[in-house]
Amino acid sequence: MPQDEKQRLRKQVVEMFDHAYQNYMDHAYPADELMPLTCRGRVRGLEPSRGDIDDALGKFSLTLIDTLDTLVLLNKTTEFEDAVRRVLSDVRLDNDIVVSVFETNIRVLGGLLGGHSMAMMLKEGGQHMQWYQDELLHMAKDLGLRLLPAFNTSSGLPYPRVNLKYGVRGPETRTGTETDTCTACAGTIILEFAALSRFTGDPVFEAHARRALDFLWEKRQRNSNLVGTTINIHSGEWVRRDSGVGAGIDSYYEYLLKAYILLGDDLFLQRFNIHYASIMKYISQPPLLLDVHIHKPLLPARTWMDSLLAFFPGLQVLKGDIRPAIETHEMLYQVTKKHNFLPEAFTTDFRVHWAQHPLRPEFAESTYFLYKATGDPYYLEAGRTILDNLNRFARVPCGFAAMKDVRTGSHEDRMDSFFLAEMFKYLFLLFAEAEDLPFDVEDYVFTTEAHLLPLSLSMAPHSSTVPSNRTEELDDSNFDWTCPNTRLLFPDPAFPRNLREPIRSAVDKSCPRPAVSAVAAEDGVRFMQEMMELSSQQQKEQLPPRAIQIVSHPFFGRVVLTAGPAQFGTDLSKSSTGVSGFVTVAEPYSGCTEITNAEYVQGHIALLQRGQCMFAEKARHIQKAGAIGGIVIDDNEGSSSDTAPLFQMAGDGRSTDDITLPLLFLFHKEGSILLEALKEYREVEVLLSDKARDRGVTLLPMTVCLPNSLAGIDQTCRFSHFLNL
């Protein structure tokens, strides 16, 4: 790849980061996360609960803290200094709110420690942060002390959740009643807690993290040397006995190897090597990584893989096992090219199993590590693919939106903090030269959230009286003291290419057909049925979701809403172009009687409100008025495709062959986005289709807007001042 192209891509990474970060600061801060479709902050308790996903939100400006060291890496020193001042003045850690110990540790504690590491590095440089007096470290210790009560168990494994203000005090604080935790949740503590101990000189944090790791090691299945996915924190019994390298276990293995790198304790390397040998014996079937049962490791536990395992090739690079890393990465790359993003889960024949993609960075992480290990420009091309797909499919006027369904290209109103903390770090590093970086990254280890901890911590004083359950002796046979030299591994430049070729063709041949139905494609997704449907009517085949894409100014196709299909009317999956047109609100809005504004509805896509009559009746009325399509919007305030199962509109029990236009269903939240756009811009054109069309990557000129306080602000500014697409 020519240097000028690498430079262009590096600048594009920075521009994309600016788009995401500035929109968070403008529209969401001090909230934890940005909701990029509705251009506002996500505040826990004010939005419908998303279950465990919300456990990361603690009303502590999560995204800003998670982004601190990314700002420095991207040479945004002034913004970093401003961000640190904001954190110190605005963020509170004593909120009466229950959070995930795991997420708070890797994102907030890790973010504060990464920020502290960067602040110290800049201060020592003599130009920036001269005022800094370890304030982020003091906050980190405060947070560490708030997490410690979770470790007050007989096993030493932490409770999965803790109340930031009241600790673990039972039901009155909505904590202390859980019995189970995931292996990664208990085993992904050591880097942050050990760093906190060594930065502060207080050994208590490292001691608790080591105790948890010791317990997990003792509870491994001794014959297979594998660990399960979920464990009882009191008894140590395995609750889920399936074992893999993806969700629920992933970062436990990562932290064993990285704890050795950061702390220099040989015991961690021994444990990792024993686990790794079992992973390669039972779980790794290159290029696949399939879960097995810990007691019967030759028996597969499932026929699909989850996207979190995409970190594993990067870990294999650190281990020095390059060949299987190349093979698994290539499989992931081909799945990415097939679906634009890695689906949350995909089958062994590379079809979609769970269709979401929350902008996870693990594939970019492995791409960076493989490029560092091999110098193969192939991985620069993979990075360019990631960038292009983010800009084409995930970029919206107010940031980047997670993909609700990679099959349709529809969006979710979500931009997780890890997108800023990790994705842009790894992509910038992929395209950067040494002179582009403000410091040498080889002096740091990346946590699982890509926070930077200095390797000099291995030399920091720590207590030699750290309690431990260690019983095993070190066995030299479990040590690979050096990583293989990649130049010796690949004397022939074509060798990595030869590893990739059969995998590319395997994915191509086994993935030509789309999912037959949403049930086959997405495990656990249930379709709601219209309550008024006749109980005796046989259900038709359940249909995949559809897409409503806003294609007019200022959206230009960059906002895609998940829509429920109808069991009647035009089948959009059989239309190569979909149906496009301007939207208009039907009168009456219910669509249950003859349309009175037929002159406006004719040739348009009619907006209708759910309720008062059957869906087929609404469709017939707008069709008679000359509409080319219809969108029914849920009247249940607060309903959202984020939290509710997909809705499939049924007929009315009699023949619907007379209905020839397409009718789609939007939940209230997605419908409000469309109605707000219509209110703002009057002429709003949408495309109804089975899958969103290409949104392009053209950079549009930015509209410069005056501050909101000034009168006469141009209406276009509300959207277009952050529309530098």
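A quick note: this is a predicted structure, and the numbers were derived from the prediction, not measured. (Residues numbered from 1 in each chain as written. Predicted model: local features only at pLDDT ≥ 70, side-chain atom pairs only at ≥ 80, totals over all residues. Heavy atoms only, no water.)

**Quick word on the overall build of the chain**
- Secondary structure assignment for the chain yields 22 helices and 29 strands.
- Considering the chain as a whole, with its 725 residues, one finds that 62% of them fall into the buried category.
- A fraction of 73% describes how many contacts in the chain between residues 6 or more apart in sequence connect residues 24 or more apart.
- As displayed, the chain has an accessible area near 27,700 Å², and 50% of this comes from carbon and sulfur atoms. (Helix = DSSP H or I, 4+ residues; strand = E, 2+ residues; numbered from the N terminus. Buried < 20%, exposed > 50% of the residue type's maximum accessible area, 1.4 Å probe, protein only. Contact = heavy atoms within 4.5 Å. Areas by Shrake-Rupley, 256 points an atom, 1.4 Å probe, with all protein chains shown as cover.)

**Quick look at the pairing of strand β25 (residues 605-609)**
- Along β25, four of the five residues are buried, which leaves the element largely enclosed by surrounding structure.
- Relative to β25, strand β24 (residues 579-585) runs parallel, the two being bridged by three bridges. Bridge pairing in β25 places V585 opposite L607.
- Where β25 and strand β26 (residues 629-633) come together, five bridges link them in parallel fashion. By the bridge assignment for β26, L607 is matched with I631.
- Each parallel crossover has a hand, and for β25 linked through helix α20 (residues 615-624) to β26 it is right-handed. (Pairing = 2+ DSSP bridges. Right-handed = clockwise from strand over helix to strand, strands pointing away.)

**Focus on the packing of helix α1 (residues 3-27) against helix α2 (residues 62-73)**
- With their axes 12 Å apart at the nearest point, α1 and α2 run at an angle of 145° to one another. Crossing hand, α1 versus α2: left-handed. Every residue of α2 that contacts α1 at F17, Y21, Y24 and M25 is listed here: T63, L64, T67, T70 and L71.
- Its residues assigned to classes, the contact of α1 with α2 comprises six nonpolar, three polar and no charged. (Axes fitted to C-alpha atoms, helices over the stretch in contact; angles between N-to-C directions. Left-handed = near helix turned anticlockwise from the far one by under 90°. Nonpolar A, V, L, I, M, F, W, Y, C, P; charged D, E, K, R; others polar.)

**Digging into the UniProt feature "binding site: Ca(2+)" (unreviewed entry) in the chain**
- Per the UniProt record, "binding site: Ca(2+)" (unreviewed entry) is annotated on T448.
- Inspection of the secondary structure puts T448 in the loop between β19 (444-446) and β20 (452-454).
- The residues touching T448, leaving out its near neighbours within four places in the chain, are I106, T188, S251, E254, Y255 and E422.
- Polar side-chain contacts of T448 include one of 2.9 Å to the side chain of E254. (UniProt positions renumbered as here; feature names shortened; annotations may be inferred. Polar contact = N/O pair within 3.5 Å; in protein donor to acceptor, adjacent residues only side chain to side chain.)

**Describing the side chain of N95**
- Relative to the helices and strands, N95 resides in the loop between α3 (77-90) and β3 (98-100).
- The class of N95 is buried, set by a relative accessible area of 13%.
- Reaching out from N95, the side chain makes a polar contact with the backbone oxygen of G58 at a distance of 2.9 Å.
- Beyond its immediate stretch of four places on either side in the chain, N95 contacts G58, K59, F60, N163, L164 and K165.

**What about unusual backbone geometry?**
- The residue after Y29, namely P30, is reached through a cis peptide bond having omega 10°.
- Position of P30 relative to the elements: it lies in the loop between α1 and β1 (33-35).
- A cis amide bond, omega 0°, links H553 with the succeeding residue P554.
- Its location among the elements puts P554 in the loop between β22 (546-550) and β23 (559-563).
- Here R174, not a glycine, exhibits a phi torsion of approximately 60°, which is positive.
- In this model, F350 sits at a positive phi of 70°, which is unusual for a non-glycine residue.

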